[in-house]
Amino acid sequence: MPARVKKGDRVIVTAGKDKGKRGEVLRVYPSDERVLVSGVNVVKRHQRQSARAQGGIISKESPVHISKSAHVDPKSDGPTRIGFKTVDGRMVRFAKKSGEMIDV
């Protein structure tokens, strides 16, 4: 089955402590059904000093479940679901709310 969410997509968080935040998908974990979104679900981690990195407490994004995120509609700028249709012999994604193509 084709992927509904891909790296580089703009999404909005629909549930949890970061509800309403928007960001870009940095990475998709299909086996865990999770996505890494920039600026969402930021956690603090203690990092040991190494030759390349400074030690201390760093903030980084943690993955969120894919069901807690929705695509941002290109036309209405709100959350939308994704559909698939065939155009010129290839499958493309489209926003169900406005009908706009996502893969062009």
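Comments concerning the nonpolar core
Counting residues in hydrophobic clusters, the biggest one holds eight residues: Val 5, Val 11, Val 13, Val 25, Val 35, Val 37, Val 40 and Val 64. Going through the elements one at a time, strand E1 (10-13) and strand E3 (34-37) are the ones with two or more residues in this core. In contact with Val 35, not counting residues within four places along its chain, are Val 5, Arg 27, Val 28, Pro 63, Val 64, Ile 66 and Ser 69.

Quick look at the pattern of salt bridges
Summed over all chains, the structure comprises five salt bridges. We note a salt bridge from Asp 9 to Arg 93, for which the minimum N-O separation is 2.8 Å. Remark: Arg 93 occurs in strand E10 (residues 90-95) and Asp 9 occurs in the segment before E1; sequence separation between them is 84 residues. We note that Asp 9, like Arg 93, is buried. One salt bridge in this structure joins Asp 18 and Lys 21, with 3.2 Å as the shortest N-O distance. According to the relative accessible area criterion, Lys 21 is partly exposed, its value standing at 39%. Connected through salt bridges with shared partners, the residues Arg 10, Arg 22 and Asp 77 form a single ionic network.

The rules behind these values
Residues numbered from 1 in each chain as written. Predicted model: local features only at pLDDT ≥ 70, side-chain atom pairs only at ≥ 80, totals over all residues. Heavy atoms only, no water. Core = buried A, V, L, I, M, F, W, Y, C linked by side-chain atoms within 4.5 Å. Buried < 20%, exposed > 50% of the residue type's maximum accessible area, 1.4 Å probe, protein only. Helix = DSSP H or I, 4+ residues; strand = E, 2+ residues; numbered from the N terminus. Contact = heavy atoms within 4.5 Å. Salt bridge = Lys/Arg side-chain N within 4 Å of Asp/Glu carboxyl O.

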